[in-house]
Amino acid sequence: MNGHSLNKTLSNLNLGGLRYFDSIGSTNDEALAWAAGDAKDLSLVIADEQTQGRGRLNRKWFTPKGSAIAFSLILRPSAPLRPHLTRTVGLAALSIADSCLKHGLAARIKWPNDILLNGKKTAGILIEMVWSGADVEALVIGVGINVHKTAVPPAEVLQFPATSIEHELGREPPECEGILFDILSAFLSWREHMCTDKLINAWEELLAFRGKQVQVCAGGRAPVIGELLGLESDGSLRLRNAHDESVIIRFGDVSLRPTA
Ligand code: ADP
């Protein structure tokens, strides 16, 4: 990957701007700073290596050189999209899942922010915001995808098993640039459906552990255990607990696991 060929590959997508780095601390940090300044809608920061990549709560996200895709896409939401911003993580997850399907890989979405192949984490999404008073001025969608086997961190640093596109395909993976193009194209198509049930329904279809017992842990509270039923229209998760009651889990620092 390099800036010149990326510009060429992505030219048809009409991005707002493009900044490519061989190595960077975190693409989200760069994108947040750009978004707080003059970045246009659909500006993209991409790097071949992240030395300070992060997941939620500053957990580390590994992006070793030449092995993964790490990008951050800046969105400036239009007025009609504003009531639906909690759907953004689903929009990103669906776009990644679509790009996997192009290569015969059936991805599942581990709510709220991870993409699984064969039950293992292959990609993660981190959404951060730039505020202007009480309004969201911009969203930054950070994405990390393990393309080559060498992107997968050692098991001892993982709380959830991980894999890569290369491992799941069992052969040399497609070029990172091509995968990125597919994700961004899917993103632009899905964004047209941001305000409709189509997006929520497609997202729900791809939820990992649907119909299974899961536990959801949130911020030191006792875990919620129940059958994973589906999504609310804002993208919140719906479970059925042991008392046959519906329990809605909103976004935040939650982590979902199968119980068995
Ligand atoms: P989760 O959604 O599982 O709570 P985060 O979104 O916070 O996780 O992502 C950070 C976590 O992901 C790290 O603590 C680490 O366990 C795991 N991780 C870090 N880098 C990778 C990677 N390249 N592939 C898969 N998992 C990773």
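1. Thoughts on helix α5 (residues 176-191)
Owing to its 3.6 residues per turn, the α-helix brings residues three or four apart onto one side.
Okay, so step 1: Relative to the 22 Å expected for 16 residues at 1.5 Å per residue, α5 spans 22 Å between its end C-alpha atoms, a close match to the ideal helical length.
Okay, so step 2: Among all positions of α5, only C176, E177, I179, L180, D182, I183, L184, A186, F187, W190 and R191 are buried.

2. Points about the state of the cysteines
Okay, so step 1: The tally for this structure, following the rule as stated, stands at 0 disulfides.
Okay, so step 2: Between C176, a free cysteine, and C100, which holds the nearest cysteine sulfur, the sulfur-to-sulfur gap is 12 Å.
Okay, so step 3: A residue is classified by how much of its surface remains accessible, and C176, at 14% relative accessible area, is buried.

3. Some details on the site of the ligand
Okay, so step 1: Around the ligand, 16 residues are found, and the nearest of them are R56, R59, D114, K121 and N146.
Okay, so step 2: One of the backbone nitrogen or oxygen atoms of F62 is found 3.0 Å away from a nitrogen atom of the ligand.
Okay, so step 3: Notes on the ligand: free accessible area 570 Å², of which the protein chains cover 96%.
Okay, so step 4: Classifying every residue of the shell around the ligand by side-chain character gives 7 nonpolar, 4 polar and 5 charged.

4. Considerations on the domain arrangement of the protein chain
Okay, so step 1: Splitting the protein chain by domain gives domain 1 (3-205) and domain 2 (213-258).
Okay, so step 2: A C-alpha centroid distance of 24 Å is found between domain 1 and domain 2.
Okay, so step 3: Between domain 1 and domain 2, the residue contacts involve 14 residues of the former and 17 residues of the latter.
Okay, so step 4: Here domain 1 packs against domain 2, burying approximately 1300 Å² in sum over the two surfaces, 61% of which is carbon and sulfur.
Okay, so step 5: On inspection of domain 1 and its partner domain 2, the count reaches 0 salt bridges.
Okay, so step 6: Scanning the region where domain 1 abuts domain 2 turns up 5 residue pairs in polar contact (both at pLDDT 80 or more).
Okay, so step 7: The element contributing the most residues to the side of domain 1 that touches domain 2 is helix α6 (residues 197-205), with 3 residues.

Conventions used here
- Residue positions within a chain follow its written sequence, with the count starting from 1.
- Where local features are concerned, this predicted model is filtered to residues with pLDDT of at least 70; where side-chain atom pairs are given and counted, the filter is 80 or more; whole-chain, interface and lining totals use all residues.
- Water and hydrogen atoms were dropped before computing side-chain values, which therefore reflect all heavy atoms in the structure.
- Helix and strand assignments follow DSSP, with helices taken as H or I runs no shorter than four residues and strands as E runs no shorter than two, numbered in order from the N terminus.
- Here a helix's expected span is defined as the number of its residues, less one, multiplied by 1.5 Å.
- The buried label applies to any residue whose accessible area, calculated with a 1.4 Å probe on protein chains only, is under 20% of its type's maximum; exposed applies above 50%, and partly exposed to all values in between.
- Any pair of cysteine sulfurs within 2.5 Å is marked as a disulfide.
- We call a residue near a molecule or strand as soon as one heavy atom of that residue lies within 4 Å of the molecule or strand.
- Polar contact is the term for a pair of N or O atoms within 3.5 Å; when the atoms are in protein, one must be able to donate a hydrogen and the other to accept it, and sequence-neighboring residues count only if both atoms are side-chain atoms.
- Reported accessibility uses the Shrake-Rupley method at a 1.4 Å probe radius. Residues are deemed covered only where the shown protein chains occlude them.
- Amino acid classes used here: Ala, Val, Leu, Ile, Met, Phe, Trp, Tyr, Cys and Pro are nonpolar; Asp, Glu, Lys and Arg are charged; the rest, including Gly, are polar.
- Here the limits of each domain have been adopted from an automatic or database domain assignment.
- Note on contacts: a residue pair qualifies if any of its non-hydrogen atoms lie within 4.5 Å across the two residues.
- Here the quantity called buried area is the total loss of accessible area, with a 1.4 Å probe, experienced by two parts when brought into contact, counted for both.
- Only one rule defines a salt bridge in this text: a Lys or Arg side-chain nitrogen within 4 Å of an Asp or Glu carboxyl oxygen.

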